[in-house]
Amino acid sequence: MTNWLEHSVQIEVAVPIDLVWNLWSDLEQMPQWMKWIESVKVLEDNPDLSQWKLASGNFQFSWLSRIQRVVQHQIIQWESVDGLPNRGAIRFYDRHGSSIVKLTVAYGVPGWLIKIMDNLFLGRIVESTLMADMERFRDYAVAIKQKEEGKI
């Protein structure tokens, strides 16, 4: 039996909504700021599907994900269709010159693992990792903005 755990983190990014949207819409760029994501490959014959690899230490997981819903500058929602069970959404809020980016991730954890691992401990690890990813994203997006403006 699988138990679902869900985590949300958000960050304000001092760049326009167009830039944050363009970066998150290009799934194959995600390893640039998501530490545990080793690779993302969008399938050429079906761009709604992408193959993901997560690696950390001795752990390695992969899954096939399908984009479920896209509303430009507002939300990208996905769900895995094979491999590691997960689903979530990235939401965007335009603050007229800056953007709020909110990431929600849910994932299935086997019941036996929940019994041997403290839920709160696992949650803190996942949330701190996701927040660090969002901070790397913020820095990455700001650097791209500065490069576009000729400041770098």
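Cut-offs applied
Residues numbered from 1 in each chain as written. Predicted model: local features only at pLDDT ≥ 70, side-chain atom pairs only at ≥ 80, totals over all residues. Heavy atoms only, no water. Salt bridge = Lys/Arg side-chain N within 4 Å of Asp/Glu carboxyl O. Helix = DSSP H or I, 4+ residues; strand = E, 2+ residues; numbered from the N terminus. Contact = heavy atoms within 4.5 Å. Pairing = 2+ DSSP bridges. Axes fitted to C-alpha atoms, helices over the stretch in contact; angles between N-to-C directions.

Engineer: Honestly, the pattern of salt bridges in this entry has me stumped. Any pointers?
Structural biologist: Proximity of charged atoms lets side chains of opposite charge pair with each other. Here the structure, examined in full by the defined rule, presents 4 salt bridges. Among the ionic pairs, Glu 28 bridges to Lys 41, the shortest N-O distance being 3.9 Å. You can see Glu 28 sitting in the loop between helix 1 (17–25) and strand 2 (37–43) and its partner Lys 41 sitting in strand 2, a full 13 residues away along the chain. A salt bridge links Arg 138 to Asp 139; its shortest N-O distance comes to 3.3 Å.

Engineer: Sorry if this is basic, but what is going on with the side chain of Ser 99 here?
Structural biologist: Here Ser 99 is to be found in strand 7 (residues 99–110). Once residues within four sequence positions are removed from consideration, Ser 99 is found in contact with Ile 11, Glu 12, Val 13, Val 15, Pro 16, Ile 17, Val 20 and Tyr 93.

Engineer: Which parts of the structure should I look at to understand the sheet that holds strand 1 (residues 2–13)?
Structural biologist: Strands belonging to one sheet form pairs held by backbone hydrogen bonds; the direction of such a pair is parallel or antiparallel. Strand order across the open sheet formed by 7 strands is 1-7-6-5-4-3-2, with antiparallel pairing between neighbours. Looking along the sheet, the strands with just one partner apiece sit at the ends: strand 1 and strand 2. Within this sheet the neighbouring strands show an average axis-to-axis angle of 20°, counted without direction. Pairing geometry for strand 3 (residues 46–56) and strand 4 (residues 59–71), over 8 bridges, is antiparallel.

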